[in-house]
Amino acid sequence: MAEQQAGDLHQEDTVSTFNFENDHVEDVGNVTIDLHSGADSSQNFSAVATPDVNLESFSETMDPNITTGTAERHTSIQRSLTDLKNLISVEGTGKKTCPLCPEEKFKPNYSHKLRRHLQHLHWKVSIEFEGYRMCICHLSCRRMKTDLNGEQVPVRIGAHYHCIVCSATIARRTDMISHITRHLNKGDTEASFNGATSGQMQSTEVLKEVDTDVHVFPNHLTPQKTDSFFNPKMKPNRQLIFCTLAVLAQERKPLECLDAFGATGIMGLQWAKHLGDSVKVTINDINEGSVKIIRENCHLNRMKVLSSKKEEDEEDVEEGENTLGTIEVTQMDANVLMHLRAFDFIHLDPFGTAINYFDAAFRNVRNLGIVSVTSTDISTLYCKALNVTMRHYSCNIVRTEYYKEVAARMVIASVARAAARCNKGIEVLFSVALEHFVLVVVRVLRGPTQADESLKKIRRLIHCQWCEERVFYKKCHMLEESAYSQLPCDCYGSMPGKTAVELGPLWAGSLFNTSFLRRMLFEAVQHGIEDIQPLLKNLICESECTTLKHYSIFGPVSYSNQEESGVVIKTSASHKAGVEDTTTPTYSGLDKRKSSEASGNAAKRQKGDIPTEHPPFYYSIHRHSIRGMNIPKINKFLPYLTQAGFRVGRTHFDPTGIRTDATLAQLKAILMKYSLPTHTDSQPGTLSHASAEPISEPVQVSIPEALHVDQPAEEVKPESG
């Protein structure tokens, strides 16, 4: 009798498994999404590795008070296996039906067989979420679906899951796991869908940066899956933008500033909190969830919030509480907002490329205003997706040793073309290309003449693929017999085939404005922003093509009156003395005619006094090292180029890069001159860079005292025998 019962149980399991597989649901193991609500309100997402599902661990932080809803859950959602087995009717004897399967799927059977069926076919492939198990369901819950014409049509009854959060029915288990993961990333809960906690906000954490607090969701590092994206690695970007706005605030007040993509609103809050009445900040975002979190962050930092209709929000701050400023928060498409209103300062920082917002940004930006563009489409800019680069920037590029500067010049060229379509020119204030972003900041100069001058600085580049020598095309519209003649190298004559490629169009002008960078450094010191000061010092030295030891931060030049683009800037000397400089007027953006005339007159007066621009591009000293030779340290190699009569400096684009006006052949000759052989017959420590010169006469190298480069004395090796 026992053998017969065991055979019946085996036969039942075999039949049930066969029916289960007919609905294309495989028994691949148990997946657990465990979000335990404890005293610390921590929830852990864990998935058991299976042959077809491989999920990583996630972590969420949510309010335990909002995890309970009022809507009745589906029968397939239970807390334990015992609860699932309790669904079996205990009344009467004989065969009973499965509560999660129709009779045509699983015929009525005895209780012990039914419990085995529930355990092996429903509970085994369940998904756990917040202590509940979403078991697979075979009931006729999905009889109808919507076709392409919007009509309800019958569908085949199959296995599916019921979402505990939004009550959606999903057929595949892998799709259900992805569906629940999206809820986790967005911070959704069951209460947010059934309205049990209307008006309450899910729990967030508070992050602080430059004395500004912001609420963020625990998934704030995932840009496309959260309404409060906050990247701590973009802190240098935010600090550079703040220093730029602080300099512009010294030219004219008040400024109307726009943060077109607010996310958490951290950037606009820093502007309003530290610059005060000098700026009128508008923070915009098209996402409703982001707008809510921006308003919460404004309240957290004691800022009044104005709606788009200029009406003060009634729920700003409590009565009697002192406010630090006013911020306008809008929810609309960035292109629409920039077409409707005029601004003095616009910052564009979308997720990915900002090319789609250039036309709208230059449409209404005021004269002598500033537009800053942060591009985070690194794969497009850094030559990893060349087809996307052609679509977005209409530019042909290849991977080179100076690819980061190519990315910056490519973005500037697109900005200049967008400004020219609106009869505006640009003046590049500075450009930065780091690991995670490319930042370009330009000043807008109104007028078709300024637009034409900007377009003249967009040219194509000739790049040698053998030695990586490069040169811009000459300013000529006439065809040349051979473009290879413009390259300083002779690779075309000594190497077979075509050796060069045409890149661009790229920006051929300067990437930095030295006077503006000096004022940015001064503002960084004034506001106590120490993290960005080393980068600003490097940018100033790079713009002047000099070394740090030649540069004095607080020299008299930094405090003299400076004029650029027709605007006379009051320097720190007048501010330190506390006396307002009334002898030199400053032009506001409202007086367009006067400022444009001054801009033209200043350009004529300074036409012969423009300093020499820094050399375009740079060379990597490691890329051009000589085989079998030990090249000198880069800080010791820079004085050798200076001694030879070339301009030389470091670059922030590449830590091993050297920006110089020397050609590649001249650079290699000097590098060969001061390099040591890898294997020598002398004892270690007896040779120096000066003693390794392959010349008969000793070379006397005079190094400036300010550089303090230690050069060991040459030692004479005794002759053998």
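Refer to the structure printed above.
Since the structure is predicted, the reported quantities are computational estimates derived from the model, not experimental observations.

Analysis parameters
Each chain carries its own residue numbering, running from 1 in the written order of its sequence. Residue-level local features of this predicted model are given only where pLDDT is at least 70; pairs of side-chain atoms are given and counted only at 80 or more, and the full residue set underlies all totals for whole chains, interfaces and linings. Side-chain metrics rest on all non-hydrogen atoms present in the structure, leaving aside hydrogens and water. Each helix is a run of H or I in the DSSP string that is no shorter than four residues. Each strand is a run of E no shorter than two, and both are numbered from the N terminus. What makes two residues a contact is simply this: any of their non-hydrogen atoms within 4.5 Å. One speaks of a salt bridge when a side-chain nitrogen belonging to Lys or Arg is within 4 Å of a carboxyl oxygen belonging to Asp or Glu. Whenever a helix is involved, its axis is fitted only over the stretch in contact; in every case the axis is a line through C-alpha atoms, and angles between N-to-C directions fall within 0 to 180 degrees. Roughly parallel refers to an angle under 35 degrees, roughly antiparallel to one over 145, roughly perpendicular to one between 65 and 115, and oblique to any angle outside these ranges. Crossing handedness: left-handed means the near helix sits turned counterclockwise from the far one by under a right angle, and right-handed means the same turn made clockwise. In this classification, Asp, Glu, Lys and Arg are treated as charged, Ala, Val, Leu, Ile, Met, Phe, Trp, Tyr, Cys and Pro as nonpolar, and every other residue, Gly included, as polar. Accessible area is worked out with a 1.4 Å probe on protein chains only. A residue is then buried under 20% of its type maximum, exposed over 50%, and partly exposed in between. Polar contacts, as counted here, are pairs of nitrogen or oxygen atoms within 3.5 Å of one another; within protein the pair requires one atom able to donate a hydrogen and one able to accept it, and residues that are adjacent in sequence qualify only if both atoms are side-chain atoms. Pairing between strands is defined by DSSP: at least two bridges between the two strands are required. Here a crossover is taken to be right-handed if, once the strands point away from the viewer, the path from the first strand over the helix to the second is traced clockwise.

A.B. asks: I'm lost on the overall build of the chain in this one. Help?
C.D. replies: Secondary structure assignment for the chain yields 21 helices and 30 strands. Across the chain, every contact between residues at least 6 apart in sequence was considered, and the portion connecting residues at least 24 apart equals 64%.

A.B. asks: I tried to follow the pattern of salt bridges on my own but got confused; where do I start?
C.D. replies: Any two side chains of opposite charge can pair, on the condition that their charged atoms come close. Enumeration according to the criterion identifies 20 salt bridges in this entry. The closest approach of N and O atoms between Arg421 and Asp359, which form a salt bridge, is 2.9 Å. With Arg421 in helix H13 (residues 403-421) and Asp359 in helix H10 (residues 358-364), this residue pair connects regions lying 62 residues apart in the sequence. Overlapping salt bridges, with partners in common, bring together Arg252, Glu256, Glu328, Arg341, Asp344 and Arg366 in one network.

A.B. asks: Help me out: how do you make sense of the packing of helix H6 (residues 235-249) against helix H7 (residues 266-275) in this one?
C.D. replies: Working note: a packed helix pair is described by the angle between its axes plus the distance between those axes. Relative orientation of the contacting elements H6 and H7 amounts to 40°, with a least axis distance of 10 Å. As far as their axial angle goes, H7 and H6 are oblique. Crossing of H6 over H7 shows right-handed handedness. Of the residues in H7, those in contact with Asn237, Arg238, Ile241, Phe242, Leu245 and Ala246 of H6 are Ile266, Met267, Gln270, Trp271, His274 and Leu275. Taken together, the residues of the contact of H6 with H7 sort by class into 8 nonpolar, 3 polar and 1 charged.

A.B. asks: Whenever I open this one, the side chain of Asn367 confuses me. Can you help?
C.D. replies: Turning to its location among the elements, Asn367 is positioned in strand S18 (residues 365-375). Residue classification places Asn367 among the buried residues on the basis of a relative accessible area of 4%. Only 3.1 Å separates the side chain of Asn367 from the backbone nitrogen of Arg446, close enough to count as a polar contact.

A.B. asks: What is the right way to read the sheet that holds strand S21 (residues 458-464) from this model?
C.D. replies: The pairing of strands in a sheet comes from backbone hydrogen bonds and takes either a parallel or an antiparallel form. Taken in spatial order, the 3 strands of this open sheet run S22-S21-S23, and their pairing is antiparallel. Lying at the two open borders of the sheet, with one neighbouring strand each, are strand S22 (470-472) and strand S23 (500-507). Strand-to-strand twist in this sheet, taken as the mean axis angle between neighbours without regard to direction, amounts to 25°. Bridge count between S21 and S22: 3 bridges; the pairing is antiparallel. Paired with Leu461 across the strands is Phe472, a residue of S22. Across the sheet, H13 lies against S21, S22 and S23, angled at about 50° from S23, the strand it touches most.

A.B. asks: Looking at this model, I keep getting lost on the side chain of Glu251. Mind explaining?
C.D. replies: Among the secondary structure elements, Glu251 is positioned in the loop between H6 and strand S13 (255-259). We classify Glu251 as buried; its relative accessible area is 6%.

A.B. asks: How should I be thinking about the pairing of strand S14 (residues 279-284) in this particular structure?
C.D. replies: Remember that side chains alternate between the two faces of the sheet whenever the strand is regular. Burial within S14 is extensive, with 5 of its 6 residues counted as buried. The sheet contact formed by S13 and S14 spans 5 bridges and is parallel. When the bridges of S14 are listed, Cys257 appears paired with Val281. Between the parallel pair S13 and S14, the chain is carried across by H7, and the sense of this crossover is right-handed. Sheet topology note: the S14/strand S16 (residues 325-330) ladder contains 4 bridges and is parallel. What sits directly across from Ile283, in S16, is Val329.

Don't take any of this as a statement about function, it's just geometry.
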